[in-house]
Protein chains: 4
Amino acid sequence: MKPMPQFEPQDPQYERRVRDSFARQRVMETLGATLLRVAPGEVEIALPFRAELTQQHGYLHAGVVTTIVDSACGYAALSLMPPGAGVLTIEFKLNLLAPAAGALMIARGRVTKPGRTITVCAGDVFATPAESDDAPDGAQRQEKQEKQEKLVATMVATVMTIRDRPGVSD
Amino acid sequence: MKPMPQFEPQDPQYERRVRDSFARQRVMETLGATLLRVAPGEVEIALPFRAELTQQHGYLHAGVVTTIVDSACGYAALSLMPPGAGVLTIEFKLNLLAPAAGALMIARGRVTKPGRTITVCAGDVFATPAESDDAPDGAQRQEKQEKQEKLVATMVATVMTIRDRPGVSD
Amino acid sequence: MKPMPQFEPQDPQYERRVRDSFARQRVMETLGATLLRVAPGEVEIALPFRAELTQQHGYLHAGVVTTIVDSACGYAALSLMPPGAGVLTIEFKLNLLAPAAGALMIARGRVTKPGRTITVCAGDVFATPAESDDAPDGAQRQEKQEKQEKLVATMVATVMTIRDRPGVSD
Amino acid sequence: MKPMPQFEPQDPQYERRVRDSFARQRVMETLGATLLRVAPGEVEIALPFRAELTQQHGYLHAGVVTTIVDSACGYAALSLMPPGAGVLTIEFKLNLLAPAAGALMIARGRVTKPGRTITVCAGDVFATPAESDDAPDGAQRQEKQEKQEKLVATMVATVMTIRDRPGVSD
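Keep in mind it's a predicted model, so treat the numbers as computed, not measured. (Residues numbered from 1 in each chain as written. Chains lettered and ligands numbered in written order. Predicted model: local features only at pLDDT ≥ 70, side-chain atom pairs only at ≥ 80, totals over all residues. Heavy atoms only, no water.)

A. Representation of the pairing of strand β4 (residues 104-113) of chain B. Residues and elements named next belong to chain B. Here seven bridges tie strand β2 (residues 42-48) to β4, and the two strands are oriented antiparallel to one another. The residue of β4 that forms the bridge with P48 is L104. The sheet contact formed by β4 and strand β5 (residues 118-128) spans nine bridges and is antiparallel. For G109, the partnering residue across the bridge sits in β5 and is G123. Counted between consecutive antiparallel strands, the loop separating β4 from β5 contains four residues. (Pairing = 2+ DSSP bridges. Helix = DSSP H or I, 4+ residues; strand = E, 2+ residues; numbered from the N terminus.)

Structure (structure tokens):
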């Protein structure tokens, strides 16, 4: 397997741009989603389980899962854009692999192939159980948590770079 | 162009099944979506615009659009299932064609090809402007409204039939 | 159902452009595919069954089916492009609905939504049985043939307009 | 990043089953494709460049690229099936990332999530330049080659398990 490519951001303020844009996505506050991590070409969004967001069997609705992983993919693309350029998701595909059950969903979007006009991203959504109070700290805690993660959905998204369109940057 | 196929429901109670299941999707109440129409192999869901559901440019988030059209597709499939069988969406693709702006979104899901195990559905989301007070009635009104509809997204969804799995029917 | 939109070609030579480009797709001659029909926003490609193109069960391989419907979609998009602009398919999704068995496959691509940069197309592949010798002529023949057609696959494709890139037009 | 899962084959004869089935795909011989590698949940297929398989710009047609990566994904799924069960690809999505130019295409399919009824696979197609005569041997050669590989396309495929259907196993 080839190692994951390391991306160089073109905008040193990439994290602030992503965080500012995320803060303007009002649906995230409505759902209770938060922006966990922003790295060049990779973004994580977390969503705690809420019964108000479920489908008929008590799992999170696929559209809710889509909301966080679509934004994770779009912001992964935005993190590599030059200053002034924005992004527009033109299409995505989501495969649902397991019921979206668990205390917390984490959506991880990352750039597969950056491009001048078209950037392709991949996203995964993991369900994690509730953290116990006596969880270990730091690296050990992360390792334990990753073992308990269950892949519930996987996305491929195609994102277009938008230039010179007032109001559509970021 | 071949005429759209007419489907025969296998369950005479198909509409009640769809409406009962929709009523259990708590996310629909949270978003403010309602079930407009249930026909054999075709379902419509409406969602009035709400600023709490928007992305950074003030349009409805693609995940919100996905929520209503995914359910419209899944229920279109469910409307053709025999009594006792349920459905599970295994994957979908969404193309975003225009910003999800407008007073009301209408998602229309319909069965492209029913199958014993796999049913393929197509869905469209139309944005309609607010209705004016002096709108004409009945058929004329509907005709006028359809002219003003704008296609904002189109989905293809693959749905699996679930049998003999307690709690997963409908 | 809304009527299918009628498209105005921007290039009066649209049919010649499509036919010239198709003639340069050497894979089409290798497979035995021919360009049936070119209309503004709609293109049909035919492929007679050949045992050399089959998968392990004796049906046409899904990749062969993809070849003709991908080109039908791309050329449907090209038929609406202004002179000098070319097209590039950036992604597609194919659902396989029935085995690709039958004497002749016909792929029909049509534009769902034209755009300055991104055009979305839909494609279908129909299998038809061999024509009998005493088939009626003209419209009656076409009607009979359409009744016998079986939908074997359906595609959604996203196509990008290419401008000012020498060698990539058409 | 989570480590790639290791899969346990349910059929000790998994490699022979995959190779026998591949040998029956007559399209592979027609295109000139060969089965490079079969491991549990992972399959590689190679295709040398041939001008007879190109589109209008002299690159391999996207449908040809699809043919090898679709089979690589399907056989990755088949390698994990129990004896007697076969596979059927029900849908796939392909993103085209770069022109399919180069002396050799290698398609790598691998299982993302195995399941009793539905298995999801991911596939990549890499283009490699012609090997020079003074290429180093063994591991060094492989390392050099991987550095020169260019990702030209990426697929997600949904595969269904087929049981008890005579003639459709493998």
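Next comes the rest of the write-up.
B. Geometry of the relation of the copies chain B and chain A. Relative to chain A, chain B is turned by 180 degrees and slid 0.0 Å along the rotation axis, the superposed coordinates differing by an RMSD of 0.0 Å. The relationship between the two copies is best expressed as a two-fold rotation axis. Of every C-alpha in chain B, the one belonging to K93 of chain B sits nearest the axis of rotation, 2.0 Å from it. The overlap is high: 100% of the interface residues of chain B also sit at the interface in chain A, so the same surface is used on both sides. (Least-squares fit on C-alpha atoms with pLDDT ≥ 70 in both. Contact = heavy atoms within 4.5 Å.)

C. Representation of the interface of chain B and chain A within the structure. In this complex, chain B contributes 35 residues to the contact, which on the side of chain A involves 35 residues. Buried surface at the junction of chain B and chain A, summed over both partners, amounts to about 2,800 Å²; 53% is from carbon and sulfur atoms. By the criterion of area lost to chain A, the three top residues of chain B are Q56, H61 and F92 of chain B, representing 21% of everything that side buries. Connecting chain B to chain A are two salt bridges. Between E91 of chain A and K93 of chain B there is a salt bridge, and its shortest N-O distance comes to 2.9 Å. At the junction of chain B and chain A, the tally comes to 17 residue pairs in polar contact (both at pLDDT 80 or more). When residues of the side of chain B that touches chain A are traced back to their parent elements, those giving at least two are α1 (14-24), α2 (26-31), α3 (62-78) and β3 (86-96) of chain B. (Buried area = accessible area lost by both parts, 1.4 Å probe. Salt bridge = Lys/Arg side-chain N within 4 Å of Asp/Glu carboxyl O. Polar contact = N/O pair within 3.5 Å; in protein donor to acceptor, adjacent residues only side chain to side chain.)

D. Quick peek at the confidence of the model for chain A. With 82% of its residues at a pLDDT of 70 or more, chain A shows a mean pLDDT of 90. Per the prediction output, this complex has pTM 0.91; the corresponding ipTM is 0.89. (pLDDT = per-residue confidence, 0-100.)

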